[in-house]
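Residue strings, one per chain:
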Amino acid sequence: MKQMLRRMFTEKNINEGLISLTQSKYLPGGMEHALESIKTKYKGQNRFILCPIHAKKNDIDYQLGCTGGTLKNEILVNGAVREVREELGLDISWKKLEEVKAYSKGGFYLANISDTKPATGYKKSEGKDAHRRVGCIVHGTEDEMRAYLESPHLHNWKNDDGIVGLCAVKID
């Protein structure tokens, strides 16, 4: 599986290599539906997904897509928009998200990186999330992913989720 890695807060240190990804246990089937949707819609095209790299006690965790919980009284699609901003540093309109799987306590969405823009400013989330679970896969071409991973925007990006980098993983 080909991917590009970007550790945050440093100058253009993109590496290519193999990694092991983890998948959220809270949204069963959502990831599979999302990946199949991308493969079907973009058949024959090389597509990549943008994934956060989380710091763990003595290791790092490459997470497949971004996931999280909604805040109290937050609708699912707005929770997905917020998680994309917090975990990937991207702003997207809720109108651009495509719902691929709904759950009784959550939902899973797709977003094309061409419909996003680098998030500006830093806003800490108010309250604790986890009322309902949401997930989102941001996908795009290799060139789009490389351009975002090389963007100066990421030098100063802040988050509260222990994210230390991003990677773009090729969908096989």
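In the block above lies the structure referred to throughout.
Thresholds, definitions, all that
Residues numbered from 1 in each chain as written. Predicted model: local features only at pLDDT ≥ 70, side-chain atom pairs only at ≥ 80, totals over all residues. Heavy atoms only, no water. Helix = DSSP H or I, 4+ residues; strand = E, 2+ residues; numbered from the N terminus. Buried < 20%, exposed > 50% of the residue type's maximum accessible area, 1.4 Å probe, protein only. Areas by Shrake-Rupley, 256 points an atom, 1.4 Å probe, with all protein chains shown as cover. Salt bridge = Lys/Arg side-chain N within 4 Å of Asp/Glu carboxyl O. Core = buried A, V, L, I, M, F, W, Y, C linked by side-chain atoms within 4.5 Å. Contact = heavy atoms within 4.5 Å. Expected span 1.5 Å × (residues − 1). Phe/Tyr/Trp six-rings, centres within 6.5 Å; stacked < 30°, edge-to-face > 60°. Lys NZ or Arg CZ within 6 Å of the ring centre and 35° of its normal.

### Considerations on the overall build of the protein chain
Logical step 1: Of the regular secondary structure elements, the protein chain holds 3 helices and 12 strands.
Logical step 2: Across the 172 residues that make up the protein chain, the buried fraction comes to 49%.
Logical step 3: Within the structure as shown, the protein chain displays about 9100 Å² of accessible surface, and the carbon and sulfur contribution to it stands at 49%.

### Things to note about the pattern of salt bridges
Logical step 1: One pass over the structure, following the stated rule, counts 6 salt bridges.
Logical step 2: For the salt bridge of Glu36 with Lys39, the shortest nitrogen-to-oxygen distance reads 3.8 Å. A residue pair is termed a helical-turn pair when its members lie 3 or 4 positions apart in one helix, as Glu36 and Lys39 do in helix α1 (residues 30-41) at 3 residues.
Logical step 3: For Glu36, a relative accessible area of 45% gives the class partly exposed.
Logical step 4: A salt bridge links Glu86 to Arg82; the shortest N-O distance between them is 3.2 Å. With Glu86 and Arg82 both in helix α2 (residues 76-88) and 4 residues apart, the pair spans about one turn of that helix.
Logical step 5: Residue Arg82 is classed as buried on the basis of its relative accessible area, which comes to 13%.
Logical step 6: Each of Glu74, Arg82, Glu83 and Glu86 takes part in salt bridges that share partners, so that together they form one network.

### Here's the deal with the environment of Asn73
Logical step 1: Topologically, Asn73 is positioned in the loop between β6 (66-69) and α2.
Logical step 2: A relative accessible area of 75% means that Asn73 is categorised as exposed.

### What to know about the nonpolar core
Logical step 1: Membership of the largest hydrophobic core comes to 26 residues, with the highest contact counts inside it found for Leu50, Leu97 and Val138.
Logical step 2: At the level of secondary structure, the elements contributing two or more residues to this core comprise β4 (48-55), α2, β9 (106-112), β11 (133-140), α3 (142-149) and β12 (163-170).
Logical step 3: The greatest single-element share of this core, amounting to 6 residues, is contributed by α2.
Logical step 4: Among residues more than four places away in sequence, those in contact with Leu97 are Val77, Ala80, Val81, Ile92, Tyr109, Leu110, Ala111 and Cys136.
Logical step 5: If you look at the next biggest cluster of nonpolar residues, it comprises 16 residues, including Ile38, Ile49, Leu64 and Val169.

### Some details on α2
Logical step 1: The first and last C-alpha atoms of α2 sit 18 Å apart over 13 residues, in line with the 18 Å expected at 1.5 Å per residue.
Logical step 2: Extensive coverage of α2 is indicated by the burial of 11 of its 13 residues.
Logical step 3: Every buried residue of α2 is listed here: Leu76, Val77, Gly79, Ala80, Val81, Arg82, Glu83, Val84, Glu86, Glu87 and Leu88.
Logical step 4: Of the residues trailing α2, Gly89 is marked for its positive phi of about 75 degrees.

### Some words on the packing of aromatic side chains
Logical step 1: Within the structure shown, the criterion is met by 0 aromatic pairs.
Logical step 2: We note Arg47 situated over the ring of Tyr42; from NZ or CZ to the ring centre the distance is 3.9 Å.

What is shown is where atoms sit, not what they do.
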